[in-house]
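# Structure at a glance
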Amino acid sequence: MSNVGELETLILLAILRLGPQAYGVSVKNELADRTGRRLTRGAIYTALRRLEAKGLVEGRLGEATPARGGRAKRYLTVSDAGLAAVRTASRDFDRMRAGLDNLIREGP
Amino acid sequence: MKGTPSPPHLGEWLLRVVAGGGALVETIRGDLREDYVRWHESSGHFRADARHLAESVLIGVRLRVARSGWWRRTDRRRGTCGGGLRALSSTGGVEMGRGDLVQEWATELGRAVRTHGRHPGAAVLVLLTLGLGVGAVTSVAAILKGVLLTPFPYADAEELVLIQEERDGDPISVSYPNYLDWQDRTRAVEDMAAYQFASFTVQAGERALRARGYRVTASLFDVLQADAAVGRTISTVEDTPGGPAVAVVSHSLWQTSLGGSPDVVGRSLLLDGVPHDVIGVMPENFEFWSGGEVWVPLGPLVQGSELESRGTHAGVYVVGRLAPGVEPTEATAELTAIAEELEAVYPDANRGVRLRLTTYSEAVLGDAQRYLTMLLAAVLLLLVVACLNVAGVVQARNAERIREISVRLALGSGRRRLVRQFLAESLVLSLGGGALGLGLAWLVPALVRAFGFGGIPRLEHVRVDPLIAVVALGISVLVGLAVALMPAFSIGGDRLDGVIGDSGRSTMGRGALRTQNGLLAVQVAVAVTLTIGAALVARSVQGMLSEDLGFETEGVLAFRVDLPQARYGWSERPPFYDALLERIEALPGVVSAGVVEPLPLSGRDRSQSVYVEGRPYTGREDLEPVDYAPASAGYFTAMGIPLLAGRLFESTDEGQPSVAIVSESTAERFWPGENPLGKTLVGGGPESGNPPLTVVGVVGDVRHYGVRGDVPNQMYFHYRQLPLGGTVVVDVEGVDPVDALPGVRAAVRELDSAAPIYDAGPLVDLFDRTVADERTVAWALGFFSTFALLLALLGVYGVTARAATSRTRELAVRSALGARPPALVARLIRGPMPAVLVGLAGGVLGAALTSRVLESLLYGVAPTDPTTFATVAGAVIAAAAVSAAVPAARVLALAPSEVLREE
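Predicted model only: the values in this text are computed from it and were never measured.

### What about the overall build of chain A?
Within chain A, the secondary structure is distributed over five helices and two strands. Mapped in sequence order, the helices and strands of chain A form the string α-α-α-β-β-α-α. Across the 108 residues that make up chain A, the buried fraction comes to 45%. Entry remark: accessible area of chain A is about 6,000 Å², with carbon and sulfur atoms responsible for 52%.

Laid out in structure tokens, this is it:
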């Protein structure tokens, strides 16, 4: 079982959210839209490579469109191991958070 | 139709170059392109392009870094799983094979930089040592390449030869009629040209300037196979008596003074006040001898001049081109036969005249070749010392690390891995040193152009070009390999297993110690050889400079005034000089002034044969050769030439029978044991019809040709009785001679505003120039040898310091047991002495064997001068003892009890 870092967890979640439309650009946009984090493309690609290398994310080459200069998209799906890793991470997160709601809740 | 905007190719290209290829990178390029379209819509073409470029580079760098494996370490630190690199490279489709090696080396070099960073002092010392070593070699190599290896700008330059006549083994210039006969008779020399050195006053607009040049036969340009860049060269029609006045000018004169436009051809140029038609401009890279600005035909000047007389050697030189396939030796044989024929036909004029043939490059480069080769040998020796020194330092460092190395070997680290580590560590240093050295060499072309380099010609060709840079780099890499491999191999020589069990003290193995002493001995030997050579040349220079020339060189200003023949006939010259000398003597600071021609040390001379009246006379062989010069009385005063008997010239001599002053040794040779005053001489012999000259004074001998030259017979005429062009000498007191120049210029201008001053400068500069070669070699050798000696002493210091450190415990025990500290220090100092003495012996032997190459530079010192050898040897021993004493004395400061407690 692989441990994943925070950025990796967020990326896995983004891919799950996007479903069949998950690829480099959309993942980046999803992260930006939901969290407001402006991550550099380089950071995302290296994290994705890491996730692929660990077998948590699977890549699949898709269609090549003229807008992409004839280059194929690389669609991303979360593997079973990836799902397990997300599950572990969020469980850990929940467990650690339990009982701290009063402390960390933002404003009234 | 307006298509989708496409991102700049540069960005896509950069991404692929930086990140490498592969399917992943292709996908990313696609993603970027998609974004680019959006950026284009929202913020416009320019911003989209900029952003695309920036993002491409950033992503590329990130991916490259990730691929290089740095993130592996980062990940481990973060506690996540590493080792994904290999998996990644297969999934990502990234090629690794070749990258592995590059990667490993990059890591190794990075590690080496960090290792050195931990001992910055040692690293900087090594960098400087190698930098100076490589810099010295590169500098000399650059000069050598520029001067010796830059091809002459002539086709087949190796076929060009200089042909001179010689009498009694001394080269003399060529008799013009002889030259014409050679041309008719020779087969070995395809074509010949004659030329005279000349200088002209060029009127360029309002300004008059002095330009050096040549009077040449038309064939010169054919012989050199050089053509004009603009217009044409001199034709045979122009090179005949009565030919038109034409001139070819140099590229630089054309550019700087004649406007640089092609319509210069056909324009009229005033040379010495005579209009000449400019017919051509030579190419920028054209060079002939020591340069020149103007070429005029020789032919029109021959008729009615001394050039027509076969017995006169009137400053004519001959350059020829060998026929294809003819060797210089064959040509010499043929020309010697021709000279013998001519001697048989013209016995009076050509008695004993032989020919000397030199290749053109040899004639131009002369001694430069020898000096530069010698300096190259010296700097290579220096580089050897630098390498040995660095090897010593690295080896000592490795000896200190022997525990670390042993542990790593024991843990299974391969020998190859260790060698690679050493190699990386020394390559980092040697490449750094090489870069530093190249930086130093970069300054050399500007320096030699500004300050000259002895009498070495063609310095304008010296430059640090890619080849020189490659040489520097190559040397650095070789040095790196050499330095690395020495300790790398000595690892195997030492037994390592015992070391680990040791109490943690670093000790040197016997093999390492032997290597270290060997390195030290060789360094000392080379340093001593170089130092002895430098000392010999330095002593020669000192000897030459302190030599009495028979006249003062300090505080004397010399200059020449160009009096155009057109306006100043022989009878108009003396009044001009009289008026000028009077004005100059009235200037502040001027003690006296006089006129003479030729000036000693100027390289010019005049000689003739005289008949000493009263001697038996059967023929010309009874005549005596004598150097002569017209002079004024003020010349002797200004130059400090002592009057030994009789009187100097007086103004009342004018219009009277001719008088002469002779030098002391001349008087002794001509009239031994007699009073020379009142004796008479006839210039050119009794049948010449010249009136006899009466000796009225005897002055001291003058070394006209410098300290190395002979002192010939010398005779002075009164410049009013034999008026020729003149050099004015001014004895100045209290101010620098150069400071007197403005006043002098003003004085000349008052008399004739169109007469330019030239060859102006302190006399001492001329003197310095005669020792320029020796001085340059002395400086260069002095610098190299000082550096080598410092390195060797540093080696002694290091060896002692390390011995002191590694023997601290032993010394403490001895001290605790009652040994007196001075005795302990003495033990330490004695440590490196065997190596120093062996090196010293080797160095003395080396100097004895090699100092012969310096012989031509030495003056008043034998190549094996015992005083020099002994002084250098003594100094080296003393310096070595001091170098060893400094670190040894530090042991005294340690309290034995503390040392032992620490253990």
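### Quick word on the interface of chain B and chain A
Taken together, the contacts link 29 residues of chain B with 23 residues of chain A. A per-residue breakdown of the area chain B buries against chain A is headed by B:Asp31, B:Glu34 and B:Arg62, which together make up 21% of the total. At the surface where chain B touches chain A, the tally comes to two salt bridges. A:Arg41 is paired through a salt bridge with B:Glu55; the nearest N and O atoms lie 2.9 Å apart. Along the contact surface separating chain B from chain A lie four residue pairs in polar contact (both at pLDDT 80 or more). Those elements that provide at least two residues to the side of chain B that touches chain A are α2 (23-68), α3 (70-78) and α4 (84-91) of chain B. With 20 residues, α2(B) is the largest single contributor of residues to the side of chain B that touches chain A. Here the side of chain B that touches chain A is composed, by residue class, of 12 nonpolar, four polar and 13 charged.

### Describing the environment of B:Glu26
Along the polypeptide, B:Glu26 turns up in helix α2. Note: C-alpha distance between B:Glu26 and B:Leu15 (11 residues apart in sequence) is 9.5 Å. Excluding residues that lie within four positions of it along the chain, B:Glu26 makes contacts with A:Arg71 and B:Arg16.

### Brief notes about the environment of A:Ala81
Residue and element names in this part refer to chain A. Residue placement: alanine 81 occurs in helix α4 (residues 80-97). For alanine 81, a relative accessible area of 39% corresponds to the partly exposed category. For the pair alanine 81 and valine 57, spaced 24 residues apart in the sequence, the C-alpha separation amounts to 8.3 Å. Among all residues touching alanine 81, those that are not within four sequence positions of it are Gly55 and Leu56.

### Considerations on the pattern of salt bridges
Across all of its chains, the model carries 31 salt bridges over all chains by this definition. Put simply, B:Arg458 and B:Glu287 hold a salt bridge, and the shortest N to O gap is 3.0 Å. Of this pair, B:Arg458 sits in the loop between α16 (444-451) and α17 (466-493) while B:Glu287 is found in the loop between β8 (274-281) and β9 (294-297), placing the two residues 171 residues apart along the sequence. Of the two residues, B:Arg458 and B:Glu287, both sit in the buried class. Close ionic contact of B:Arg615 with B:Glu624 constitutes a salt bridge, the shortest N to O distance being 2.7 Å. A network of salt bridges, in which partner residues are shared, links A:Arg41, B:Asp35, B:Arg38, B:Arg51 and B:Glu55.

### Looking at the side chain of B:Glu159
Positionally, B:Glu159 belongs in the loop between α6 (120-149) and β1 (160-167). Within the structure, B:Glu159 has its side chain in polar contact with the side chain of B:Arg321 (distance 3.2 Å).

### Quick look at a nonpolar patch on the surface
A surface patch of nonpolar side chains, amounting to about 590 Å² of accessible area, comprises B:Leu132, B:Leu440, B:Leu443, B:Leu447, B:Phe451 and B:Phe783. Checked against the element boundaries, B:Leu443 lands in the loop between α15 (415-442) and α16.

### Things to note about the pairing of strand β3 (residues 189-204) of chain B
Residues and elements named next belong to chain B. Pairing of β3 with strand β10 (residues 316-322), which is carried by seven bridges, proceeds in the antiparallel orientation. Directly across from methionine 192, in β10, lies its bridge partner glycine 320. Relative to strand β4 (residues 207-216), β3 runs antiparallel, the two being bridged by 10 bridges. By the bridge assignment for β4, glutamine 196 is matched with arginine 215. Judged from the two bridges that link them, β3 and strand β7 (residues 268-271) form a sheet pairing that is antiparallel. The residue bridging glutamine 203 from the neighbouring strand is leucine 270, located in β7.

### Some details on the pairing of strand β18 (residues 680-683) of chain B
Residue and element names in this part refer to chain B. Alternating positions in β18 separate into two faces, Thr680 and Val682 on one and Leu681 and Gly683 on the other, with burial throughout. Alignment of strand β14 (residues 607-612) against β18, held across three bridges, turns out to be antiparallel. Counterpart to valine 612 in the pairing with β18 is leucine 681. Where β18 meets strand β19 (residues 693-699), two bridges bridge the pair, whose relative direction is antiparallel. Looking across to β19, one finds that threonine 680 is bridged to threonine 694.

### Concerning the packing of helix α25 (residues 772-806) of chain B against helix α29 (residues 866-890) of chain B
Residues and elements named next belong to chain B. Between α25 and α29, whose axes approach to 8 Å, the crossing angle comes to 35°. The crossing of α25 and α29 is right-handed. Contact residues: α25 offers Leu789, Leu793, Val796, Tyr797, Thr800, Ala801 and Ala804, while α29 offers Val876, Ala879, Ala880, Ser883, Ala884, Val886, Pro887, Ala888 and Arg890. Considered class by class, the residues forming the contact of α25 with α29 number 13 nonpolar, two polar and one charged.

Procedures and definitions
- Residues numbered from 1 in each chain as written.
- Chains lettered and ligands numbered in written order.
- Predicted model: local features only at pLDDT ≥ 70, side-chain atom pairs only at ≥ 80, totals over all residues.
- Heavy atoms only, no water.
- Helix = DSSP H or I, 4+ residues; strand = E, 2+ residues; numbered from the N terminus.
- Buried < 20%, exposed > 50% of the residue type's maximum accessible area, 1.4 Å probe, protein only.
- Areas by Shrake-Rupley, 256 points an atom, 1.4 Å probe, with all protein chains shown as cover.
- Contact = heavy atoms within 4.5 Å.
- Buried area = accessible area lost by both parts, 1.4 Å probe.
- Salt bridge = Lys/Arg side-chain N within 4 Å of Asp/Glu carboxyl O.
- Polar contact = N/O pair within 3.5 Å; in protein donor to acceptor, adjacent residues only side chain to side chain.
- Nonpolar A, V, L, I, M, F, W, Y, C, P; charged D, E, K, R; others polar.
- Patch = residues over 30% accessible without salt bridge, like charges linked within 9 Å, V, L, I, M, F, W, Y side chains within 5 Å.
- Pairing = 2+ DSSP bridges.
- Axes fitted to C-alpha atoms, helices over the stretch in contact; angles between N-to-C directions.
- Left-handed = near helix turned anticlockwise from the far one by under 90°.

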